[in-house]
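Below are the chains, spelled out letter by letter.
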Amino acid sequence: MSARKKLAEKFSWTRKHLLGLEELSREEILHILNTADTFTDVSTRSIKKVPALRGRVVVNLFFEDSTRTRTSFSLAASRLSADVIEFSAKVSSISKGETLVDTARNIEAMGVDVIVIRHSAPGAPHYLARCVDVPIVNAGDGAHEHPTQALLDMFTIRQIKGRIDGLKVAIVGDIAHSRVARSNIWGLTKLGAKVIVVGPTTLVPSSMKAMGVEISHNLDEVLGEIDVINMLRVQRERITSNVFPSVEEYTRLFGLNAERMARAKKDLLVMHPGPINRGIELTSEVADGANSAILKQVTNGLAVRMAVLFLVNQAHQGSN
Amino acid sequence: MKDEKSVGGGLMTEIYDSEQFLSALNNLADQIAQSIEKGQPIAIVGIRSRGDVLADRLAGLLKEKNIKIDHKGILDITLYRDDLDQKGGQARVQATEINFDITDCIIILVDDVLFTGRTVRAALDALVDLGRPRAIRLAVLVDRGGRELPIHADFVGLKLPSGESNKHVQVMLKETDGEDKIILQD
């Protein structure tokens, strides 16, 4: 019997919320990835649906713009036969705590079963989890965490590399403001990977060391030793700020292009959480090249989100 | 049949030993060989867990009887259960491994014990989501009665008297439990 199967047999999932990877154990993370494994084939069937969440309602409560994460969650819920409600609410201020709870309580009163929330305030999902009874899934909270993105990144690494333990993973870009980076760091280090965060000094604070990562301000220095590179998206709103170098300078120092790929390991896995700024953090040649797993990440996101929705709902139903 | 008193509990335990087990399995294979529809691709699909191992064993026996099995598969029905709500964090999803088109196949669906019929109901739903088989035939090693749904097995290796329906029935297999036997407990 494989080690993966053995773990699956003795482990029991009990969390009704997915708020972040910081609070998850290694076993819990692996259980999500293993459950996601079994969902990958649903999308290839003639009927791309299973009835596991039939009669349940999943609400996408998005206070920030999102296309792919929202679509991915919607599709994941549909594939589990849940009904999906889209709730968009743009807020001008992040300090509307009361409005957030009122909104969530109203939605809860309609009898929903899972709330998927994206909010610009770090900790908003955690706050909601204390205020309402239904399972909360964090789809991104400010610069804090984006757990499902990190889970799908790890799922993709494991799928292609066959393991995570012992790999060297570089995360490149605006680490300080990135929830994707933060969730990836928590998850990857728990699964035994060595994480190197790379970027200009203004965007990669030395305080990140406390999270158990290595810090580098020189991509070329680490390029030859890494197995996976996760290129974060350059946030356009930061380009104009004084912490960010010019686009040209950023691309010259931290952009991934064919010339840099030639100096990297042959099987370097290239990832990006999307949407890509072609020509800035990645050239098209690299984004569409043989080492790129960018579209696989999107496909895997669906399986990972199905697994998360399935697990939190099951833990919630079981606890009632 | 051998009767054994279990130690301490005072519960009556009956055991069908490996010889009786194999005769039930052979009986099952004979029935299938005699009346399975010919002329269509035949697929044997076991329900996790134990049904999958039994399906493998049956496929071997059927081959000896010159029945050609065109496809083998494993069905995980966790996502189709009607009691997911009651199981808390206990139900674990495992992969369904059916890597062929089931459309127009005759499917021999295999499970170890037929009891309430709810597992088979879930398996039928799972199968029809994968395609439209020509027919699905149900083969079980043990039919222990106690049905809660109108489901009937086409092939039965061992039928327990209906009076046994309050007992706990467990099928043990060489491959997973080290020994072939069937255990009945009060």
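Residues numbered from 1 in each chain as written. Chains lettered and ligands numbered in written order. Predicted model: local features only at pLDDT ≥ 70, side-chain atom pairs only at ≥ 80, totals over all residues. Heavy atoms only, no water.

**Notes on the overall build of chain B**
Logical step 1: Per the secondary structure count, chain B includes four helices and nine strands.
Logical step 2: Listed N to C, the secondary structure of chain B is β-β-α-β-α-β-β-α-β-β-β-α-β in terms of helices and strands.
Logical step 3: In chain B, 70% of the contacts between residues at least 6 apart in sequence involve partners at least 24 apart.
Logical step 4: For chain B, the exposed surface amounts to about 8800 Å²; the carbon and sulfur share of it is 46%. (Helix = DSSP H or I, 4+ residues; strand = E, 2+ residues; numbered from the N terminus. Contact = heavy atoms within 4.5 Å. Areas by Shrake-Rupley, 256 points an atom, 1.4 Å probe, with all protein chains shown as cover.)

**Some words on the nonpolar core**
Soluble globular proteins tend to bury their nonpolar side chains together.
Logical step 1: One finds Leu151 and Leu309 of chain A to be the most contacted residues of the largest nonpolar core, which totals 92 residues.
Logical step 2: The greatest single-element share of this core, amounting to eleven residues, is contributed by helix 13 (residues 294-319) of chain A.
Logical step 3: Formed jointly, this core draws a minimum of three residues from each of two domains, domain 1 (9-145 + 300-315) and domain 2 (147-297) of chain A.
Logical step 4: Setting aside anything within four residues of it in sequence, one finds Leu309 of chain A in contact with Leu53, Val58, Phe73, Ala76, Ala77, Leu80, Val114, Val116 and Val137 of chain A.
Logical step 5: Formed by 36 residues, the second largest nonpolar core is a distinct cluster that contains Tyr16, Ile42, Ile44 and Leu184 of chain B. (Core = buried A, V, L, I, M, F, W, Y, C linked by side-chain atoms within 4.5 Å. Buried < 20%, exposed > 50% of the residue type's maximum accessible area, 1.4 Å probe, protein only. Domains from an automatic or database assignment.)

**A few points about the pairing of strand 1 (residues 57-62) of chain A**
One face of the sheet, then the other: side chains in a regular strand alternate in exactly this way.
All names here are of chain A.
Logical step 1: Most of strand 1 sits inside the fold, with six of its six residues counted as buried.
Logical step 2: Where burial is concerned, the two faces of strand 1 agree: the one with Val57, Val59 and Leu61 and the one with Val58, Asn60 and Phe62 are both buried.
Logical step 3: Relative to strand 2 (residues 83-88), strand 1 is paired through six bridges, and the arrangement is parallel. Bridge pairing in strand 2 links Leu61 to Phe87.
Logical step 4: Sheet topology places strand 1 next to strand 3 (residues 114-119); five bridges connect them, and they run parallel. Among the inter-strand pairings, Asn60 is bridged to a residue of strand 3, identified as Val116. (Pairing = 2+ DSSP bridges.)

**Details of the environment of Asn291 of chain A**
All names here are of chain A.
Logical step 1: Inspection of the secondary structure assignment puts Asn291 in the loop between helix 12 (284-287) and helix 13.
Logical step 2: The sequence separation of Asn291 and Asp267 amounts to 24 residues, and the corresponding C-alpha distance is 6.6 Å.
Logical step 3: Contact partners of Asn291, with chain neighbours within four places excluded, come to Met261, Lys266, Asp267, Leu268, Leu269 and Val270.
Logical step 4: Within the structure, the side chain of Asn291 is placed 2.8 Å from the backbone oxygen of Leu268, a separation counted as a polar contact. (Polar contact = N/O pair within 3.5 Å; in protein donor to acceptor, adjacent residues only side chain to side chain.)

**Some words on empty space enclosed by the protein**
Logical step 1: Tallied over the entire structure, the rule returns one cavity of 30 Å³ or more.
Logical step 2: What lines the largest cavity is Thr38, Arg45 and Val50 of chain A together with Leu75, Asp76, Leu79, Tyr80, Val93, Gln94, Thr96, Ala126 and Leu130 of chain B. (1 Å grid on protein atoms, 1.4 Å probe; cavity = no way out; pocket = protein on both sides within 12 Å on 5 of 7 lines; lining within 4 Å. Points joined across faces, edges and corners; volume = space filled by probe spheres on them.)

**Some points on the confidence of the model for chain B**
Detailed reading of the predicted coordinates is not advisable wherever pLDDT is low.
Residue and element names in this part refer to chain B.
Logical step 1: Taken over all residues, the pLDDT of chain B has a mean of 88, while the share at 70 or more is 88%.
Logical step 2: Across residues 1-8, confidence stays below pLDDT 50; counting only partners more than four residues off in sequence or on other chains, it has 18 contacts.
Logical step 3: Reported confidences for the modelled complex are a pTM of 0.87 and an ipTM of 0.73. (pLDDT = per-residue confidence, 0-100.)

**Brief notes about helix 6 (residues 147-161) of chain A**
Residues and elements named next belong to chain A.
Logical step 1: In this model, helix 6 (15 residues) spans 21 Å end to end at C-alpha, consistent with the 21 Å of a helix rising 1.5 Å per residue.
Logical step 2: Most of helix 6 is tucked away, with twelve of its 15 residues classed as buried.
Logical step 3: Among the residues making up helix 6, those that are buried are Pro147, Thr148, Gln149, Ala150, Leu151, Leu152, Asp153, Met154, Phe155, Thr156, Ile157 and Arg158. (Expected span 1.5 Å × (residues − 1).)

**Digging into the sheet that holds strand 1 of chain A**
All names here are of chain A.
Logical step 1: Read from one edge to the other, the open sheet built from four strands follows the order 2-1-3-4, with strand pairing classed as parallel. What marks the edges here is a single partner per strand, and that holds for strand 2 and strand 4 (136-141). Averaged over all neighbouring strand pairs, the angle between strand axes comes to 15°, with direction disregarded.
Logical step 2: Contacts between helix 13 and the sheet are confined to strand 1, strand 3 and strand 4, with strand 3 contributing the most and set at about 125° to the helix. (Axes fitted to C-alpha atoms, helices over the stretch in contact; angles between N-to-C directions.)

**What about the sheet that holds strand 4 (residues 71-75) of chain B?**
All names here are of chain B.
Logical step 1: The strand order across the open sheet formed by five strands is 4-3-5-6-7, and the pairing between neighbours is parallel. With one partner strand each, in any of the chains shown, strand 4 and strand 7 (155-159) form the two edges of the open sheet. The sheet shows a mean angle of 20° between the axes of neighbouring strands, direction not considered.
Logical step 2: Pairing analysis gives four bridges linking strand 6 (residues 135-143) to strand 7, with the strands arranged parallel. Counted as the bridge partner of Val142 is Leu158 from strand 7.
Logical step 3: On the sheet, helix 1 (residues 18-35) packs against strand 5 (106-114), strand 6 and strand 7 and is oriented at approximately 155° with respect to strand 7.
Logical step 4: With respect to the sheet, helix 2 (residues 51-64) is in contact with strand 3 (42-47), strand 4, strand 5 and strand 6, its orientation differing from that of strand 3 by roughly 150°.

**Regarding the domain arrangement of chain A**
Residue and element names in this part refer to chain A.
Logical step 1: Taken domain by domain, chain A consists of domain 1 (9-145 + 300-315) and domain 2 (147-297).
Logical step 2: When each unit is reduced to the centre of its C-alpha atoms, the spacing between domain 1 and domain 2 is 25 Å.
Logical step 3: On the domain 2 side, the residues contacting the 34 residues of domain 1 number 27 residues.
Logical step 4: Buried surface at the junction of domain 1 and domain 2, both sides included, amounts to about 2400 Å², of which 61% is carbon and sulfur.
Logical step 5: Interface area lost by domain 1 to domain 2 is led by Leu21, Leu33 and Asn300, which between them contribute 27%.
Logical step 6: Viewed at the interface, domain 2 and domain 1 are joined by two salt bridges.
Logical step 7: Between Arg179 and Glu64 there is a salt bridge, and its shortest N-O distance comes to 3.1 Å.
Logical step 8: The interface formed by domain 1 and domain 2 holds 15 residue pairs in polar contact (both at pLDDT 80 or more) in total.
Logical step 9: Put simply, the parts of the chain that give the side of domain 1 that touches domain 2 at least two residues each are helix 2 (26-39), helix 3 (68-79), strand 3, strand 4 and helix 13.
Logical step 10: Per element, the largest residue contribution to the side of domain 1 that touches domain 2 is eight residues, and it comes from helix 2. (Buried area = accessible area lost by both parts, 1.4 Å probe. Salt bridge = Lys/Arg side-chain N within 4 Å of Asp/Glu carboxyl O.)

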